[in-house]
Amino acid sequence: MKPKLVIFDFDGTLGDTRHNIVVTLQRTMSLMGLPLRSESECASTIGLTLEDSFRTMYPEIDEAKAKECVATYRDIFYQSIEELTPNLFEGVSDTLARLYAMDIKMCIASSRSSPSLLLFLRNMAIANYFGVVLGSDNVTRHKPEPEPVLRSLAEYGVKPSEALVVGDMPVDVLMAHNGGVRCVAVSYGNATAEELAAVEADYIIDRFAMLADIIEGM
């Protein structure tokens with residue numbers, strides 16, 4: 001069945017934010033006096049909320065320290081917004097236009113906070129494609145829990161069988177499965193095709209433009 005709604009992740013799926021996130025995480029670590037984590041260690045937490053990212057990399061820190069890390073990260077992010085503005089991945093703009101022309105509804109379900117998410121969508125000139133934008137601050141149970149999917153389905157009044165999640169991390173695939181929704185995983189983001197296959201993504205693509213072809217074939 002061709003989907004009526006496509007639910008997109010942002011980081012590593014639409015926006016090439018890996019460098020942005022890793023640099024900001026590492027600057028935060030330095031300011032907070034924490035042991036520096038490598039690029040790969042930082043990137044492996046993309047898709048989690050900021051607090052969960054810091055807790056994953058530093059299991060020993062308490063809740064207050066984790067929240068202080070998040071606040072510091074956000075301060076650095078907004079101070080460096082011009083320097084670290086990401087680009088869209090190849091084919092994103094044209095493919096979104098193609099899906100829009102197919103009368104497919106589109107929304108965002110991201111672990112990024114909504115203020116920065118909305119800022120990026122506007123700067124990238126793609127905000128008009130998304131009727132609903134859910135950031136980490138808009139839900140209480142984050143990926144891989146299904147709340148972002150269930151909220152999106154309810155907003156548009158569609159069934160799980162009528163929706164599709166598109167993301168780059170195992171947590172995106174698991175969120176889709178937990179919400180009873182099919183998932184297209186992209187392998188050009190922050191996880192490998194092998195990691196995405198291990199969590200049983202329904203489709204794995206290495207170019208965003210392939211998404212429209214898959215949808216047309218459903």
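In the block above lies the structure referred to throughout.
What this report covers is the structure whose coordinates are included nearby. (Residues numbered from 1 in each chain as written. Predicted model: local features only at pLDDT ≥ 70, side-chain atom pairs only at ≥ 80, totals over all residues. Heavy atoms only, no water.)

What to know about the pairing of strand β6 (residues 163–167)
Working note: regular strand, side chains alternate between the two faces of the sheet. The condition is simple: Burial here depends on accessible area, computed with a 1.4 Å probe over protein chains only, as a share of the maximum for the residue type. Under 20% is buried, over 50% is exposed, and the range in between is partly exposed. The secondary structure listing takes helices from DSSP runs of H or I that are at least 4 residues long and strands from runs of E that are at least 2 residues long, numbered from the N terminus. DSSP-based pairing: two strands are paired if at least 2 bridges between them are found.
Counting buried residues along β6, 5 of its 5 residues qualify, which places the element largely inside the surrounding structure. Burial along β6 is two-sided: the residues A163, V165 and G167 and L164 and V166 are all buried. In this sheet, β6 lies alongside strand β1 (residues 5–8) in parallel orientation, the contact comprising 4 bridges. What sits directly across from V6, in β6, is L164. Examined bridge by bridge, β6 and strand β7 (residues 182–186) share 4 bridges and lie parallel to one another.

Focus: the sheet that holds strand β5 (residues 132–134)
The pairing of strands in a sheet comes from backbone hydrogen bonds and takes either a parallel or an antiparallel form. Heads up, the condition is: Fitted lines through C-alpha atoms serve as axes, helices being fitted only where they are in contact, and the angles separating the N-to-C directions of these axes extend from 0 to 180 degrees. Any two residues having at least one pair of non-hydrogen atoms within 4.5 Å are treated as being in contact.
Spatially, the 6 strands line up as an open sheet ordered β5-β4-β1-β6-β7-β8, and their pairing is parallel. Each edge of the open sheet carries a strand with a single partner, namely β5 and β8 (203–205). Averaged over neighbouring strand pairs, the angle between their axes works out to 20° when direction is ignored. Sheet topology places β1 next to strand β4 (residues 105–109); 4 bridges connect them, and they run parallel. Residue pairing for β4: F8 is matched across the bridge by I108. Across the face of the sheet, helix α6 (residues 114–123) comes into contact with β4 and β5 while running at roughly 135° to β5.

Digging into the nonpolar core
The nonpolar side chains of soluble globular proteins are, as a tendency, buried together. Worth spelling out the cut-off: Only buried Ala, Val, Leu, Ile, Met, Phe, Trp, Tyr and Cys residues count toward a nonpolar core, and they belong to the same one when joined by side-chain atoms within 4.5 Å.
Residues F8, L14, L96, F130 and L211 are the most contacted members of the largest nonpolar core, which totals 48 residues. Apart from residues lying up to four places away in sequence, F130 is in contact with F8, L14, L96, M106, C107, I108 and L121. In this structure, L134, V158, A163 and V181 belong to the second largest nonpolar core, which totals 23 residues.

As for unusual backbone geometry
For the peptide bond that leads from K143 to P144, omega is 10°, which places it in the cis range. By the element assignment, P144 lies in the loop between β5 and α7 (147–156). The backbone phi angle of E200 is positive, close to 65°, even though this residue is not glycine. Summarising the element assignment, E200 is placed in the loop between α9 (193–198) and β8.

Thoughts on the pattern of salt bridges
Just so we agree on the cut-off: What counts as a salt bridge is simple: a side-chain nitrogen of Lys or Arg found within 4 Å of a carboxyl oxygen of Asp or Glu.
Scanning all chains against the criterion turns up 11 salt bridges. The salt bridge partner of E162 is K4, with a shortest N-O separation of 3.2 Å. Of this pair, E162 sits in the loop between α7 and β6 while K4 sits in the segment before β1; the two residues are 158 residues apart in sequence, bridging distant segments of the chain. Residue D9 is joined to K143 by a salt bridge in which the shortest nitrogen-to-oxygen separation is 2.9 Å. You can see D9 sitting in the loop between β1 and β2 (15–16) and its partner K143 sitting in the loop between β5 and α7, a full 134 residues away along the chain. Residue D9 shares its accessibility class with K143, and that shared class is buried. One continuous salt-bridge network, built from bridges that share partners, spans E51, R55, E63 and K67.

Brief notes about helix α5 (residues 92–101)
For clarity, the cut-off: By definition, the arc is the one covered by directions from the helix axis to the C-beta atoms.
Every buried residue of α5 is accounted for by V92, T95, L96 and L99. Seen end-on, α5 carries its buried residues on one side only, within an arc spanning 100°. Seen from the buried face of α5, the exposed residues on the opposite side, beyond 90 degrees, are D94 and A101. On its buried face, α5 is in contact with β1, β3 (87–88), β4 and α10 (210–216). A positive phi of about 65° marks D103, the residue just after α5.

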